[in-house]
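Survey of secondary and tertiary structure
Listed below, chain by chain, are the residues.
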Amino acid sequence: MSILQYPFMQRAFLVGILLAVIAPCIGMTIVLQRKSMIGDALSHTSLAGVAIGILLGINPILGATGTCIAAALSIEFIQRKIPRYSEMAIAIIMSTGIGLAGVLSGFTKSSGNFNSFLFGSIVAISDMELRMVVIISVCVLAAFLLLYKELFYIGFDERAARIAGVPVRLVNFIFTMLTALTISIASRTVGALVVSSLLVIPVACGMQIGRSYKMTLASSMIFAVFFTVCGLTLSYYWKLKPGGTIVLTGVVCFVVIVILKALLKSLRRAG
């Protein structure tokens, strides 16, 4: 417990656990809708917002939040215009975000501050950023619980949900906002280049053992918290990057779960 005697590690664990709880809520619907790459598009676009924030002298997270929301709405708009090739919207927005980030980063005087958003800097969270994470986490979790049934229907079959009377367009809009907010605050902690992994990997692990939607969601949250705690602990003692360590911990666990599941299946067949 000596690791918790430092205030910066206390903030890191608090922020990490909060993000670990809300990330699977967003990731579950993203995975079911087969939109896993939207996390990459928004996270890369958030880098442009970080550069804008640095140039304007405001908190980079506010800039990242604004660009993430704009990018998410743009993806929704393009997908409605070309529904047959909706996956192009993600590629277009990702390319735009990377291009803007590359150009604007050349004008920033503090390259170190910009680079900290690439792989995250969870141990450098300020009190203001901590408050932002807490507020956004509470809002995301509350909205998810209120729209639980609607997101459940939309995740499995959007057309059937529309026939059943679910306001699909409104729910998708709210969910898009929640996704943008989650990715914008997570880009500071785990890093813009790996934030999408925090949305997908815990859900992938949960799907290996979950037998229902609720069980998969609960398992995903448990896995996400476990990855975060283990990743922060390992990064502290081994002097590693926290964001990358959290993601690699999740990848290793996913591989182990898949191998163990395959072995158990083989043993059952042999028996």
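Just so we're clear, the structure is a prediction, and the values are computed from it rather than from any experiment. Residue positions are given per chain, counting from 1 as you read along its sequence in written order. The model is predicted, so local features are restricted to residues of pLDDT at least 70 and side-chain atom pairs to those at 80 or more, both for listing and for counting; the totals for chains, interfaces and linings are taken over all residues. With hydrogens and water stripped out, all remaining heavy atoms of the structure feed into the side-chain values.

This brings us to the overall build of the protein chain. Counting from the N terminus, the helices are DSSP H or I runs at least four residues long and the strands are E runs at least two residues long. A count of helical and extended segments in the protein chain gives twelve helices and zero strands. Helices (α) and strands (β) of the protein chain occur, in sequence order from the N terminus, as α-α-α-α-α-α-α-α-α-α-α-α. Against the globule reference of 18 Å for 271 residues, the protein chain gives a C-alpha radius of gyration of 19 Å, in line with a compact fold. The rule is simple: take the accessible area with a 1.4 Å probe, protein chains only, and divide by the maximum for that residue type; under 20% is buried, over 50% is exposed, in between is partly exposed. A burial count over the protein chain gives 49% of its 271 residues as buried. In this analysis, two residues are considered to be in contact whenever any of their non-hydrogen atoms come within 4.5 Å of each other. A fraction of 74% describes how many contacts in the protein chain between residues 6 or more apart in sequence connect residues 24 or more apart. To be clear on the numbers: accessible area is Shrake-Rupley with a 1.4 Å probe, and residue cover counts the displayed protein chains and nothing else. Accessible area of the protein chain: about 13400 Å², with a carbon and sulfur share of 70%. Positive and negative side-chain charges in the protein chain, numbering 21 and 8 respectively, have mean positions lying 6 Å apart. As a reference, a globule follows 2.2 Å times the number of residues to the power 0.38, and the radius of gyration itself is taken over C-alpha atoms. Charged residues are defined here as Lys and Arg on the positive side and Asp and Glu on the negative side; His and the ends of the chain fall outside this count. To locate a charge, take NZ of a lysine, CZ of an arginine, CG of an aspartate or CD of a glutamate.

Time to look at the nonpolar core. Think of a nonpolar core as a cluster: buried Ala, Val, Leu, Ile, Met, Phe, Trp, Tyr and Cys residues, connected wherever their side-chain atoms sit within 4.5 Å. Counting 78 residues, the largest nonpolar core has L42 and I75 as the members making the most contacts within it. In this structure L42 touches C68, A71, A72, I75, T179, A180 and I183, once residues within four positions along its chain are discounted.

Our next topic: the packing of aromatic side chains. Here the aromatic set is Phe, Tyr and Trp, taking the six-membered ring for Trp, and pairing holds for ring centres within 6.5 Å; pairs whose planes are under 30 degrees apart are stacked, those over 60 apart are edge-to-face, and all others are tilted. As enumerated under the stated definition, the model contains eleven aromatic pairs in all. Ring geometry for F152 and Y213: centres 4.8 Å apart, planes at 85°, overall edge-to-face. One end of the pair, F152, is in helix α7 (residues 148–156); the other, Y213, is in helix α11 (residues 213–238), and 61 residues separate them in sequence. Every member of this aromatic cluster is reached through a ring pair, and the members are F144, Y148, F152, Y153, F156 and Y213.

The subject of this paragraph is the packing of helix α1 (residues 7–32) against helix α9 (residues 168–189). Comment: axis = line fitted to C-alpha atoms, over the contacting stretch for helices; angle = value between 0 and 180 degrees taken between N-to-C directions. Relative to each other, α1 and α9 sit at 140°, their axes nearing to 10 Å. Taken as axis vectors, α1 and α9 run oblique relative to one another. For α1 against α9, the interelement crossing comes out left-handed. Every residue of α9 that contacts α1 at V15, L19, I22, C25, I26, T29 and I30 is listed here: F175, L178, T179, T182, I185, A186 and T189. When an angle is under 35 degrees it counts as roughly parallel; over 145 it counts as roughly antiparallel; between 65 and 115 it counts as roughly perpendicular; any other value is oblique. Crossing handedness follows the turn of the near helix against the far one: under a right angle anticlockwise gives a left-handed crossing, and clockwise gives a right-handed one.

Attention shifts here to unusual backbone geometry. Despite not being glycine, R34 has its phi angle at roughly 55°, a positive value. Relative to the assigned elements, R34 resides in the loop between α1 and α2 (38–56). Residue class for R34 comes out exposed when judged on its relative accessible area of 76%. Positioned with a positive phi, K239 is a non-glycine residue whose angle comes to about 60°. Here K239 shows up in the loop between α11 and α12 (242–270).

The feature "transmembrane region" (unreviewed entry), as annotated in UniProt, sits at residues 12–32, 52–77, 89–108, 128–148, 160–183, 189–210, 217–238 and 244–264 in this numbering. Helix makes up 100% of residues 12–32 and strand 0%. Its end C-alpha atoms lie 30 Å apart. UniProt positions are given in the numbering used here, feature names are shortened, and annotations may be inferred rather than shown by experiment.

All right, on to the side chain of T228 then. Looking at the secondary structure, you find T228 in helix α11. Judged by its relative accessible area of 3%, T228 falls in the buried class. Beyond its immediate chain neighbours, meaning those up to four positions away, T228 contacts G16, I17, A20 and I246.

Mapped onto the elements of the fold, S43 is located in helix α2. In this structure S43 comes out as buried when scored by relative accessible area, which is 0%. Excluding anything up to four places from it in sequence, S43 contacts I183, A192 and V195.

Turning our attention to the pattern of salt bridges. Salt-bridge detection follows one rule: a side-chain nitrogen of Lys or Arg within 4 Å of a carboxyl oxygen of Asp or Glu. Under the counting rule described, the total for this entry stands at two salt bridges. Between D127 and R11 there is a salt bridge; the shortest N-O distance is 3.6 Å. In this pair, D127 is assigned in helix α6 (residues 127–146) and R11 in helix α1, connecting sequence segments 116 residues apart. Taking relative accessible area as the criterion, D127 reaches 45% and is therefore assigned partly exposed. With relative accessibility at 23%, the residue R11 sits in the partly exposed group.

Turning our attention to the environment of S36. On the secondary structure map, S36 appears in the loop between α1 and α2. Spatially, the C-alpha atoms of S36 and V200 are 6.8 Å apart, while their sequence positions differ by 164 residues. The contacts of S36, once residues within four sequence positions are left out, are I30, V31 and V200.

Each patch is built from residues that are more than 30% exposed by relative accessible area and take part in no salt bridge. Like charges join if they lie within 9 Å; nonpolar side chains (Val, Leu, Ile, Met, Phe, Trp, Tyr) join within 5 Å. A grouping of I52, L55, L56, I58, L62, V103, F107 and M128 is seen on the molecular surface, where their side chains present a nonpolar patch of about 750 Å² in accessible area. Looking at where L55 falls in the secondary structure, it is placed in helix α2.

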